[in-house]
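Chains, contacts and geometry: an overview
Here are the chains, one letter per residue:
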Amino acid sequence: MSWRDTTCGALRATDAGRRVTLAGWADTRRDLGGLVFVDLRDHSGKVQLVINPEHAPGAAATAHEIRNEFVLQAEGEVVLRDPATVNPNIATGEIEVKVDALRIVSRSTPLPFQLDEENVDETLRIRYRWLDLRTERMQRNLRLSHTVIAAMRRRMDELGFVDVWTPSMTKGTPEGARDFLVPVRLQPGRFFALAQSPQLYKQLTQIGGIDRYYQIATCWRDEDLRADRQFEFRQLDVEMSFVEREDVLDVLEQAVVAAFQALGRVPPPRPFPRLTWHEADLRYGSDKPDLRFGLEIRDATEVTRGSRFGVFANAAAVRFLVAPRAFSRAELARLEEIAKEWGAKGLAYLVRDESGEVRSPIAKFLSEQELAAFASDAGTTVLFAADEPATVSRVLGGLRTHLGRELELADTSRDEFLWIVDFPLFELDEETNRWTFVHHPFTGVRPGQEHLVESDPDACISQAYDLVWNGIELGSGSIRIHDQELQRAVFRSMGMGEEEARAKFGFLLEALEMGAPPHGGFAMGIERFVMLMAGEPDIRQILAFPKVASGSDPLTGAPTPYPAAALRELGIQSIVPSDQA
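Here's a quick rundown of the structure.

1. Remarks on the side chain of T62
By secondary structure assignment, the location of T62 is in helix α1 (residues 57-63). Judged by relative accessible area, which is 16%, T62 ranks as buried. With near-sequence residues (within four places) excluded, T62 lies in contact with L102 and I104.

Now the structure itself:
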């Protein structure tokens, strides 16, 4: 028995006169008293079935039983629609199928929501994800994801990369997030960690002579869920031997362009622009700036050194941006609250109204030279931050992003890709007052600065790079450390002695001692990339089975408690906080 010989969305006017067998879901049913019309839907689209009781009385009797989402099989002839009834909104709108035989394959209970219903609660959608997957939106997104990944795989194959699978269960290593732990029954009290990334494994492939490695790797991180973050995610993971930074960037740009081309979209021009981390921090207050709008931050530290406004005069850094709007007092109060969330103590401003008059409580303290430096057009507001440089960047960067969204400044017709390069190698951990890594502890240092790793960590520039698309970080990479002594020096700068380094990374250090080639790589988040490709607001809309913000899976009910006997076998005791008991 053949369930179908074509798909619903494949039929066209040129198929008129053809006999077909179709199978799919009942999308809608319209009973006109005599004739019954059913829109039959499958993954390819919809086609209208016409059931005439005079032509096919058995099919007509069956048609009266049909409800939405019943699975049907229909046989009949493709006929042209009357010109007055052509539907230009669907690809099959010029034809319909005159049904001879109709069969209900399976029935559906009443639905928790209709597939064409708008504003359905997201948790409800995920609880009944098998229904949600039938919607045009989810069908489009999952197929778009497939097209993107397939295009990337083709390009990597063309470039001579070898797809190497690496383990998910590994040894926990510091990579910036909490690990998910896997207990081992055969060794009670011991745990694997689910890999946050294949970082060390892919470096070992290069030491092992693979030369060009890649995989679509699944990674796990125990982090709070956000619009662009899930516990488990995939990344295009790449590593190459005997390369410089530009070689790696070139490969990733080719993968991005291949994805655009596969979807029939105009790819971004290459090479993608580059900004140093320092320049991005000064101009945009962010290491992932959205370049679809201006609103650049300007420095006023020097011009305010002798200011009569003490907040400016005594601050380590004074910077400002000019918003293209004369804000009201209420709007300024709200912006001040946002600035405080980013660490500001307050928010100084100069409002220049439509007549050009300046409105500000600090204007009387500013000299003519200062006011001239802060001059702006009528109908604008100058917003200031004065504090330590890092705080100033964080505050104005946050305000810039907020205003870009609030005032709809971004040109949404543009796609702006950007490489951020020359990150610091280290940053100071405020809690421990020890140096820690900015990306990860295997990131290479700028050639010629190796001697600074221990003598002046704050001055070290790394060989790390991030890829940003429209203000969203897609991923990061670096040229790695291939010299065992330099790797040990980095560990020492982080306060890690030889014994601790051997305990945590002994296998890597041993591998580096046995002839490691210069190598570098990158990891790009697949879900974030596809999310932007699909124009979706969050990655849950391009995943088949996501978790919700609480970290739960409404579909299966996971996570769930585990029987005490099973936990004892694993050597685990579960302690539930009193407020969650």
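2. Considering unusual backbone geometry
The peptide bond linking R270 to P271 adopts the cis configuration, its omega dihedral lying at -5°. One can find P271 in the loop between α6 (245-262) and β12 (274-276). A cis amide bond links A558 with the next residue in sequence, P559, at an omega value of 0°. Of note, E408 is a non-glycine position whose phi angle comes to about 55°, a positive value.

3. Let's talk about the pattern of salt bridges
One pass over the full model with this rule turns up 48 salt bridges. One salt bridge connects D163 with R153, and the closest N-O pair in it is separated by 2.9 Å. Of this pair, D163 sits in strand β6 (residues 162-163) while R153 is found in helix α4 (residues 136-158), placing the two residues 10 residues apart along the sequence. A salt bridge links E253 to R270; the shortest N-O distance between them is 2.9 Å. Pair noted here: E253 is in helix α6 and R270 is in the loop between α6 and β12, with a separation of 17 residues, a long-range link. On the basis of relative accessibility, which here comes to 38%, the residue R270 falls in the partly exposed class. Overlapping salt bridges, with partners in common, bring together R245, E246, D250, E253, R270, R274, D422 and R446 in one network.

4. Notes on the packing of helix α5 (residues 199-207) against helix α14 (residues 498-512)
Direction vectors running N to C along α5 and α14 enclose 20°, while the axes themselves pass 11 Å from each other. By the angle class used here, α5 and α14 are roughly parallel. In the packing of α5 onto α14, the handedness of the crossing is left-handed. Here L200, L204 and I207 of α5 come into contact with α14, specifically with F505, F507, L508, A511 and L512. Looking at the contact of α5 with α14, its residues break down into eight nonpolar, no polar and no charged.

5. Notes on the environment of R103
In this fold, R103 is placed in strand β5 (residues 95-106). A residue is classified by how much of its surface remains accessible, and R103, at 38% relative accessible area, is partly exposed. Each C-alpha atom, one on R103 and one on G24, is 11 Å from the other, the two residues being 79 residues apart in sequence.

Conventions we followed
- Residues numbered from 1 in each chain as written.
- Predicted model: local features only at pLDDT ≥ 70, side-chain atom pairs only at ≥ 80, totals over all residues.
- Heavy atoms only, no water.
- Helix = DSSP H or I, 4+ residues; strand = E, 2+ residues; numbered from the N terminus.
- Buried < 20%, exposed > 50% of the residue type's maximum accessible area, 1.4 Å probe, protein only.
- Contact = heavy atoms within 4.5 Å.
- Salt bridge = Lys/Arg side-chain N within 4 Å of Asp/Glu carboxyl O.
- Axes fitted to C-alpha atoms, helices over the stretch in contact; angles between N-to-C directions.
- Parallel < 35°, antiparallel > 145°, perpendicular 65-115°, else oblique.
- Left-handed = near helix turned anticlockwise from the far one by under 90°.
- Nonpolar A, V, L, I, M, F, W, Y, C, P; charged D, E, K, R; others polar.

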